[in-house]
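Observations on chain architecture
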Amino acid sequence: MRNSSHPITNKQKLSFTFNGKKYFGYKGDTLASALIANNVKIVGRSFKYHRPRGIFSAGSEEPNALVELGDGPYKEPNTKATNIELFDGLKGSSQNFLGSVNFDLMAINDLLKNFIGAGFYYKTFMWPRRFWEKLYEPIIRRAAGLGKLSLKADPSHYDKGYLHCDFLIIGSGISGLMSALLLAETGSEVLIVEEDFILGGRLNSERLGINGKQSSIWIGQAVKKLKSLNNVRILNRTTVFAAFDHGIFAAIEKKTDHILEKSSKPRQINWKIYTKYCILASGAIERSIAFPQNDRPGIMLAGSVRTYANRFGAHYGQKIAIYTNNDDGWKTADDLKNMGLEIKAVIDTRKEIEAPSSSISSYLGQTITKTYGRKGIKAIKLSSGSKLNVDCLAVSGGWSSNIHLTCHKRGKPVWDNIYKNFLSVDNAQKDKIIPVGAARGIFEIQNIISDTNRVILSLIKKIGLSMPNRITLTSSKEQYSCSLDLVSSSNPSNSFIDLQNDVTQKDIELSFREGFKSVEHLKRYSTLGMATDQGKTSNILGLASMAKLKGTNISEVGTTIFRPPYVPVAISAFAGRSKGKDFRPTRLPPSHNVAFKRNAVFVETGNWLRAQWFPEEGETFWRQSVDREVLQTRNSVGICDVTTLGKIDIQGKDCLEFLNFVYTNAFAKLPINRVRYGLMLREDGVAYDDGTTARLGENHFIMTTTTANAALVFRNLEFVRQCLLPNLDVHLISTTDSWAQYSVAGPNSRRLLQKIVDKPKDITNANFPFMACRELTICGGVMARLFRISFSGELAYEIAVPTQYGNALFDALLSAGKEFKAVPYGTEALGVMRIEKGHAAGNEINGHTTAQNLGLSRMISKKADSIGNMLSEREGFNGSNIATMSGFQPVQRSEKLEAGSHLISAGKTPTMENDEGWLSSVAFSPTLGHYIGLGFIERGKTRIGEKVLAVNLLQNKTTEVEIVSPHFVDPEGIKQRG
Amino acid sequence: MLIDHPLLGLRDSSEFIYMGDAKLLNRPNWKSKNSKTKFIDYGYLRKNPAGVHKELWYHEQGDRSWLVVTRNTVTHEILKVELARYLKRKANAK
Amino acid sequence: MAKLVLKIEKPLNGYTKVINKIKIAEYQFDSLISLAIPLNSQRKCKLNFQKSLGNPMPNIENSIINKSGILGFRIGLDLLFICNPSYSSFAKKTVPVLKQAFYITDQTGGWCGVVVDGDRVIEMLERICPLNLSLKIFAIGNVKRTVMDHLNVIIFRQTEKKFILFSPSSSSGSFLKSIEISSRNI
């Protein structure tokens, strides 16, 4: 019901639907307050027993009122009605029911409650084992759980961001605002983060006076002042959900959740906040009391009932009772009475107190033993036997400081026996999280004001910032004391401790009986506090219950700790904008535009997008294009973009010593204008990477690495430079992006290049032999580098120009090559030709193979130390039995080979014991007209000509293959030297 | 996590690559006695203490410095950050 | 056959656009070279730098702009960048002098520059840049290297609300998209 004189009724009227029915609310409502105003009591069904449940709280601690919001792909399950800012056109619905929320077929579980208590799943579904996957799990998954996903891609945008401040203030209640005002005066950067859409925190829910006026006036002044300051930033609708090391916090800002229109702006922003200090003004969370049938719709936290009445003018019914174990419950009674509602009674578990209000009928020292009304509370029965008819029951089990964030770095809370509350301990101070106000266990406003002044001013003094004046405020006086009467002694199976996970007092008793007595065991066995609310309103009840069973107190029992996130956060918010193609950056090689215009098919290799092949008209199958590219390159000339290979510019007086150390083979005598192939090992002796290094000058070298290892090799070279050999004069610059590099391969490659270079004579075979390199100019003065190296086995070169000329050079090479019918070729043809030539690549140098496996043992120079040199000598890497790289071809030439096939001697069965090696790379060789493969087989070198079996158990295929030399094409290397 | 880079001040750990125990700075001399055993120890044996530990971090998305970070693995407190090259040069000078 | 001429292509083809009042434009330069300081040559390099460019060699994360508009910034203990925005005699005259003290690496094609300029530029950068952009921490003329949206970026603050961002040229398209999305998302 709505109090028609409440100021909210002057605001804009909003219409919304819940479970298909149309309702009205006002701007400033939450979905929960609007539902209460419309007297909607059943909002959802409980997790396990499918009991009807209503709104329980007024904040993010809500265990019950989880609803589905929106529809279609925008549908979002498990949102808390208590946190949803009402907007015109909002569509909400209940979840976790079969049939309708008012008549849920799954409510049968409620009758089976005695059978499906704590540990039920562990005990019941153990056998027969095969039933688990097919029978038990699907049923359990359907029955349990919360809302349903739309199963469509979320069309909303999400983003991330970074914020820096000196002081992060979490919460904008009185202690948060006071802290902000004090700290802002020091000139520091202050960031205030508030979960609610309005600032003021608890003050918005209370009828408290500050400086003799309604507290809202002071809030208004404080906020206005803070907003006027350049060094203060305020984020509302933002929840800090995690605390990390060194003053880093994560917060989720709801940007457009309160707007119906789907916006092109991000819906939520996941902020990473860096701060020197965090002022935790997160307030306190009220807890419940466990008593029989304490989960009926209409039973709510007393402070929340007060919030709905004061802030929203909304309440259930006219006959309200309050059940409390502390003074705060009485405040709710006062406020509701002030609104003109009938207070049926205040039931206080404490006997010895003096009833604070004589005008309200009270039952002291009594408990509630039973409630009535399955779909909404109708009556309560007291321990004295009297029965009262009520339509709303406000329950207060006292307040718990909201210290969730202080636990994220394993801060263990300690029990405060005065206010019956867990507080954060000193290690939070060390982490520079400083609680103030109710989060610090100070519950009365007059004390909060003086204590916040004291805490913040002493912090400012300690840091040594300029001292502001203390804030003088006069306020209403509050009084708070609390007992620990939290658990009932009758009917434990109906006394709910954890509403969200349906954990009852009986489950705690069962855990105790079965030996799960430590809090960590209790939590996991009973699932207490393991729901999405992490037991914010219920954990203390469970602990009190366990303490009672153990005959001890809560401080002895201890508590489990809270973990991030403070509230559930959508996975999309963690992905941010990094989805689909934007998951990671794309790197384009310099010839991309030319390749794109020529309809190249592209392949992702790491972040690079490379041309895989270049289909020509009439080619419908990839092999047609690839075979053509290979043959045309071998017959005339082909051009391939090899820019993606890592390029490292190495300069310094001590480069040779450096290279000698990082490569296994000797580099000490590499002459200027020569290139050498180099092999790198890891320190454990396993092959790591290979490539060439060219010497361009006395102190200037260009190293190439494989595409995949470019960044890793650079990192490791820097490690050697700085950590192992820091006295050498060596400098490393990654120039992969700075130079466009193209392979020009084939018998006509020299003739083609002679049309490009400014001095064609410079590159004759005599002046520029195999493994030569030099700097020269091309196309009328453009600086270039030419390397006579060959991956294909052909007469071949790699030519490099500064990247800004890259696209133009690729075009120029193709147009100059027209007379030779030059073709561009892609990564497939590149791969085919290197297999034909027998060059190892990533499939062979795969992190498992050694120089010995690769047939490169002679490359390990014993003249000087090098990375991996020593451990390459270990026994297992050497000897005559090791697998060596060999070539393979099918005995029946028409047969296809499969990479990954295992090699087994003829006549043996394909078992692990008989495994002698594997095929690492296979390709159809258009040059030879049949499939070929590279692979590793024990004693490969001595077995040339032997026929073995290539077994592929995945495809159930066995092929007879012949062991041959890995160099299928031009084994003597005549072509590349020609 | 923030690492107080000796040249650049506090930088987010996302700019860094972690490489574990800083003992990797002390690569054995291949000509020394029992050098193979020493290399096996160097390559495979790492301390993993609950407490103060010297670790290697590489500022890959920054100035490319290798750093030796003294960090308490229990509290995550960072006690000291040094440039690896200075430490190694100092050790070489001895 | 006509003589082949190679035309220069800039990574973003001279892109320019305004989104949410933030001017985004490719920062074009004639050359970008890096200077490495040889071991134990700090003094020699300082003198050479002053002689070659007319300004003192900047400290780490600082920059100079000399009278010809050449931007020099220092990114590491032994590494500087010189960005020459205009076509001039720089390559022919200044670089050979620098070579007498420094190891020079031409990186002109390796980087793509983007200028972002406008009142809301900080809000935009907050979405991708993990660095503290407060003027107290990141002063005008400062330059830092960091990671933005998975990419390595050198960020130079020209004025309070104007920055030049250098990122690797091969991924410049992705980085530009990052800047565009960030500008739209504020």
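On a predicted model such as this, the values are computed, not experimentally measured, just so you know.

Chain A puts 58 residues into the contact, and the matching count from chain C is 45 residues. When chain A packs against chain C, close to 4,000 Å² is buried across both sides, 51% of that on carbon and sulfur atoms. Three residues, Tyr162(A), Arg577(A) and Gln804(A), lead the burial of chain A against chain C; their summed loss comes to 17% of the area buried on that side. At the boundary of chain A with chain C, the tally comes to 6 salt bridges. Counting across the chain A and chain C interface gives 28 residue pairs in polar contact (both at pLDDT 80 or more). At the level of elements, β8 (158-170), β15 (268-280), β34 (646-651), β38 (731-734), β41 (782-787) and α21 (806-816) of chain A are the ones that each hand at least two residues to the side of chain A that touches chain C.

Residue and element names in this part refer to chain A. One open sheet accounts for 6 strands, arranged β40-β41-β42-β39-β33-β43; its pairing is mixed. The open sheet terminates on both sides in strands that have one partner only, identified here as β40 (773-778) and β43 (823-824). Alignment of strand β33 (residues 638-641) against strand β39 (residues 739-745), held across 4 bridges, turns out to be antiparallel. The partner of cysteine 640 across the bridge, within β39, is serine 743.

Moving on, we get to the nonpolar core. All names here are of chain A. With 42 residues, the main nonpolar core has Phe16, Phe18, Leu31, Leu35, Ile55 and Leu90 as its most contacted residues. The element best represented in this core is helix α1 (residues 31-37), accounting for 6 residues. Taken together, domain 1 (7-115) and domain 3 (289-396) each give at least three residues to this core, which thus spans both. Residues in contact with leucine 90, not counting those within four places in the same chain, are Ser15, Phe16, Thr17, Leu31, Leu69, Ile84 and Glu85.

Turning next to the sheet that holds strand β19 (residues 342-348) of chain A. All names here are of chain A. Read across the open sheet, the 5 strands follow the order β17-β24-β18-β19-β20; overall the sheet is parallel. Each edge of the open sheet carries a strand with a single partner, namely β17 (299-301) and β20 (362-364). Averaged over all neighbouring strand pairs, the angle between strand axes comes to 20°, with direction disregarded. The strands that helix α7 (residues 302-312) touches are β17 and β24 (392-396); relative to β17, the one it contacts most, it runs at about 85°.

Here we come to the domain arrangement of chain C. Residues and elements named next belong to chain C. Looking at chain C, the domain boundaries give domain 1 (16-28 + 110-184) and domain 2 (31-108). Each of domain 1 and domain 2 was reduced to a C-alpha centroid, and the two centroids are 23 Å apart. Between domain 1 and domain 2, the residue contacts involve 12 residues of the former and 15 residues of the latter. Summing both partners gives a buried area of about 1,200 Å² for domain 1 against domain 2, and 61% of it is carried by carbon and sulfur. Taken together, the links from domain 1 to domain 2 amount to 1 salt bridge. The partner of glutamate 61 in a salt bridge is lysine 144, with the nearest N and O atoms 3.3 Å apart. Taken together, the connections running from domain 1 to domain 2 amount to 7 residue pairs in polar contact (both at pLDDT 80 or more). Put simply, the parts of the chain that give the side of domain 1 that touches domain 2 at least two residues each are β9 (143-148) and β10 (151-159).

Procedures and definitions
- Residues numbered from 1 in each chain as written.
- Chains lettered and ligands numbered in written order.
- Predicted model: local features only at pLDDT ≥ 70, side-chain atom pairs only at ≥ 80, totals over all residues.
- Heavy atoms only, no water.
- Contact = heavy atoms within 4.5 Å.
- Buried area = accessible area lost by both parts, 1.4 Å probe.
- Salt bridge = Lys/Arg side-chain N within 4 Å of Asp/Glu carboxyl O.
- Polar contact = N/O pair within 3.5 Å; in protein donor to acceptor, adjacent residues only side chain to side chain.
- Helix = DSSP H or I, 4+ residues; strand = E, 2+ residues; numbered from the N terminus.
- Pairing = 2+ DSSP bridges.
- Core = buried A, V, L, I, M, F, W, Y, C linked by side-chain atoms within 4.5 Å.
- Buried < 20%, exposed > 50% of the residue type's maximum accessible area, 1.4 Å probe, protein only.
- Domains from an automatic or database assignment.
- Axes fitted to C-alpha atoms, helices over the stretch in contact; angles between N-to-C directions.

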